[in-house]
Amino acid sequence: MKATTVIDYIVQRLADEGVQHCFGVPGDYAFPVGDAVDRNPNIKWIGCSNELNASYAADGYARVRGAAMLSTTYAVGELSAINGVMGAKAERSLVFHVVGMPSYQNQRLRKTMHHTLGDGIFDKFIDISAQAACCHAVINPDNCVIEMERVIAEARRNNQPAYIVVPSDYALAPITPADVRPLTLKSNEASLKKAVAAITERIKNAKSIVALPAFTLSRVGLQKEAREAIEALGCPFATTSMEKSIIDESHPQFAGMYSGALSTEETRKIVEGAELVLDIGGVSLNDETTMGFSTLLDPARFISIGLNDVRVGEQLFGNVRLADTLAAIAKLKSVAPRYKRKPEDNPSITGKPSDKITMDALYPRYAAFIRSGDNVVLESGSSSFGVPPLALPDDVQVHIQMLWGSIGWATGASFGIALSDPKRKTILITGEGSHQLTANEIGNMGRYSANPIILCLNNDGYMVERALEPNPDWSYNDLAKWRYAELPHALGCTDWFTARVETLGELDAALKAARESKSGAYIEVIGGRMDMPKGLAFAHTRLKELYGETP
């Protein structure tokens, strides 16, 4: 093996995994990482405004590309990024978090260094950052080749972040060659055979089946395989808000969005009345996707097919890969009647041009604005309740952080998503409260020509917080009154189209101009203080189920 430095090997190995951009913030302990990225022709440095934004951007990028690289410096940098990395872990997004730490020499000498607690102990932050990953490695010249293959394989197996930390002097040292090859993840054939037999038996005896394709399918690129398995069975499938548009909603077997009590009567009957529920990928039936646990589902009716195992009743079959299980299901047939949906139209676009903007008028306009081939990024809050119930065109990718729900995620993530696939137009739909946390990343969107369309709802405070408590008027739900439409120009995006709209006529004209813009676009949408989508209003009625009884 040609001699190379440790950090050059790490960067190139991640480039081999399909990573073409590295999101990060520079720091002196991480200078070797930035230098290696800059001199590598296969990967480009993407500087972010802060480490949290960088971690959100890396999460978004990984959702589209399958993996991402995040670079931060020791302690202050990595700890600032940890919330975003933890969100990637919760929602199965593979981020390689590479951290430069003080030199091995200074660690051994227990020197008092900056970014430490001054106690000469250097490994205490490793334990913290490692908790946000599914695996981690402290790299040195002797273990570099071996450890990189281990963490890459483990991160791929779980599709969750890997934490890679390297002392700054070791980063510049030559690696010790090792005869190690990338690991190909395979199912245990005996376990796979047993799992397929158990699935076949349940399917053969079920008079009605419904499939719930999970969000994880998009993370590992198995939407096509899941669709083929569902088509082979001929059964209906439904999605929660986390899986919005994971399979095209024009599909004849699509039975609608399942959201507990807010589902249509037909969708709820199909899902909750099915004799067998095929959970493909590990669906997350959390408090958000179930509308405050308003579902009526019997776990005994589930077959759960995870990334690495299959559960049928009380039987668990380990070391079974999802792709292999889907391939086997695609060869099966079901005795249950084949399902064909009855298409439903979106609510009609209503209102006069002079009317003030309401949520009932806003979201149908958003649905009509979204085109095939768009990336749509929804912030946790009102937009994550307003958009999912509406039908969207085929080949739209919807990105939402419904489980982790860190406000501000969508602005950072939309940056990474826009860079991951420039052929698609990225549309960010956010509220002002979450947007204030990460809006400074707009400057880098312009710097790197990400050119998204940003639709920011200004409704005078934290709408979702007002909805989720009995008293919406507490002062902590108020916000600084920004002039949002002026942000892009102030942050250097001087060629972006911007507008502030208060009426439906102004909104319609701005949406048209935004779509025609050759650069980015930003629309500040003025809404009513307590005007909220139906789903969020319903959540307000289920506070006891969401948070428990008041003592």
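Residues numbered from 1 in each chain as written. Predicted model: local features only at pLDDT ≥ 70, side-chain atom pairs only at ≥ 80, totals over all residues. Heavy atoms only, no water.

Caption draft 1: Spotlight on the side chain of Asp169. The topology assignment puts Asp169 in helix α8 (residues 168-171). Lacking a salt bridge, the buried Asp169 has Arg108 as its closest oppositely charged neighbour, with an N-O distance of 10 Å. Setting aside residues no more than four positions away along its own chain, Asp169 makes contact with Ser103, Tyr104 and Gln105. (Helix = DSSP H or I, 4+ residues; strand = E, 2+ residues; numbered from the N terminus. Buried < 20%, exposed > 50% of the residue type's maximum accessible area, 1.4 Å probe, protein only. Lys, Arg positive; Asp, Glu negative; His and termini not counted. Salt bridge = Lys/Arg side-chain N within 4 Å of Asp/Glu carboxyl O. Contact = heavy atoms within 4.5 Å.)

Caption draft 2: Representation of the sheet that holds strand β1 (residues 21-24) in the model. Sheet architecture is open: 6 strands sit in the order β2-β1-β3-β4-β6-β5, paired in parallel fashion. A single partner strand is all that each edge strand has here, and the edge strands are β2 (44-47) and β5 (135-138). With direction set aside, neighbouring strand axes in the sheet form an average angle of 20 degrees. On top of the sheet, helix α4 (residues 76-90) reaches β3 (68-73), β4 (95-101) and β6 (162-167); it is set at about 150 degrees to β3, its chief contact. (Pairing = 2+ DSSP bridges. Axes fitted to C-alpha atoms, helices over the stretch in contact; angles between N-to-C directions.)

Caption draft 3: Representation of the pairing of strand β10 (residues 276-280). The element β10 is extensively covered by neighbouring structure, given that 5 of its 5 residues are classed as buried. Burial of β10 is two-sided: the residues Leu276, Leu278 and Ile280 facing one way and the residues Val277 and Asp279 facing the other way are all buried. Looking at chain direction, strand β7 (residues 209-213) and β10 are connected through 5 bridges and run parallel. The residue of β10 that forms the bridge with Leu212 is Asp279. Here 4 bridges tie β10 to strand β11 (residues 302-305), and the two strands are oriented parallel to one another. In the strand pairing of β11, Asp279 is matched with Ser304.

Caption draft 4: Expanded view of the layout of surface pockets. Estimates place the volume of the largest pocket at around 1100 Å³. Forming the boundary of the largest pocket are 44 residues, of which Thr264, Pro388, Pro389, Leu390 and Ala391 lie nearest the centre. Contributing elements (two or more residues each) for the lining of the largest pocket: β9 (254-257), α12 (265-273), α14 (359-369), α15 (382-386) and α22 (534-540). Here the lining of the largest pocket is composed, by residue class, of 20 nonpolar, 13 polar and 11 charged. (1 Å grid on protein atoms, 1.4 Å probe; cavity = no way out; pocket = protein on both sides within 12 Å on 5 of 7 lines; lining within 4 Å. Points joined across faces, edges and corners; volume = space filled by probe spheres on them. Nonpolar A, V, L, I, M, F, W, Y, C, P; charged D, E, K, R; others polar.)

Caption draft 5: Region of interest: the sheet that holds strand β16 (residues 426-431). Strand order in the open sheet formed by 6 strands is β15-β14-β16-β17-β19-β18, and the pairing between neighbours is parallel. Edge positions in the sheet fall to β15 (397-400) and β18 (497-501), since each has one partner strand and no second. Recorded for the sheet is a direction-independent mean angle of 15 degrees between the axes of neighbouring strands. Note that β16 and strand β17 (residues 453-458) share 5 bridges and pair parallel. Within β17, the position partnered with Ile429 by the bridge is Leu455. Each of β16, β17 and β19 (521-526) is contacted by α14, which is oriented at about 175 degrees to β17, the strand it contacts most. Each of β14 (375-378), β15 and β16 is contacted by helix α16 (residues 409-420), which is oriented at about 160 degrees to β14, the strand it contacts most.

Caption draft 6: Inspection of the packing of aromatic side chains at higher detail. Taken as a whole, this structure holds 10 aromatic pairs when the rule is applied. With centroids separated by 4.9 Å and ring planes inclined at 20 degrees, the aromatic side chains of Tyr104 and Tyr170 adopt a geometry described as stacked. You can see Tyr104 sitting in helix α5 (residues 104-108) and its partner Tyr170 sitting in helix α8, a full 66 residues away along the chain. For Tyr170, a relative accessible area of 21% translates into the label partly exposed. Their ring planes at 85 degrees and their centres at 5.6 Å tell us that Tyr363 and Tyr366 sit as a pair that is edge-to-face. (Phe/Tyr/Trp six-rings, centres within 6.5 Å; stacked < 30°, edge-to-face > 60°.)

Caption draft 7: Structural view of helix α9 (residues 189-205). Taking 1.5 Å per residue as the helical rise, α9 with its 17 residues ought to reach 24 Å, and the 25 Å between its terminal C-alpha atoms agrees with that figure. Within α9, the full set of buried residues consists of Ser191, Leu192, Ala195, Val196, Ala198, Ile199 and Ile203. With its buried residues spanning 160 degrees around the axis, α9 presents them on a single face. Relative to its buried face, α9 has exposed residues pointing more than 90 degrees away, namely Glu189, Lys193 and Lys194. Sitting at the amino-terminal end of α9 is Asn188, which places a side-chain oxygen 3.1 Å from the backbone nitrogen of Ala190. (Expected span 1.5 Å × (residues − 1). Arc of directions from axis to C-beta. Polar contact = N/O pair within 3.5 Å; in protein donor to acceptor, adjacent residues only side chain to side chain.)

Caption draft 8: Representation of the state of the cysteines within the structure. All told, the structure shown has 0 disulfides when counted by the stated rule. We note that Cys22 lacks a disulfide partner, and the nearest cysteine sulfur, in Cys48, lies 9.1 Å from it. Taking relative accessible area as the criterion, Cys22 reaches 0% and is therefore assigned buried. Accessibility expressed as a relative area gives 10% for Cys48, which makes it buried. (Disulfide = S-S within 2.5 Å.)

Caption draft 9: Spotlight on unusual backbone geometry. One non-glycine residue, Phe293, adopts positive backbone phi at about 55 degrees. Summarising the element assignment, Phe293 is placed in the loop between β10 and β11. Phe293 sits in the partly exposed class, given a relative accessible area of 45%. With phi around 55 degrees, Asn319 is a residue other than glycine that occupies positive phi space.

Caption draft 10: Quick look at empty space enclosed by the protein. Enumeration according to the criterion identifies 2 cavities of 30 Å³ or more in this entry. Space inside the largest cavity adds up to approximately 140 Å³. In terms of lining residues, the largest cavity is bounded by 17 residues, among which Gly431, Gly433, Ser434, Met463 and Val464 are the most central. When residues of the lining of the largest cavity are traced back to their parent elements, those giving at least two are α15, β16, α17 (432-438) and α19 (463-467).

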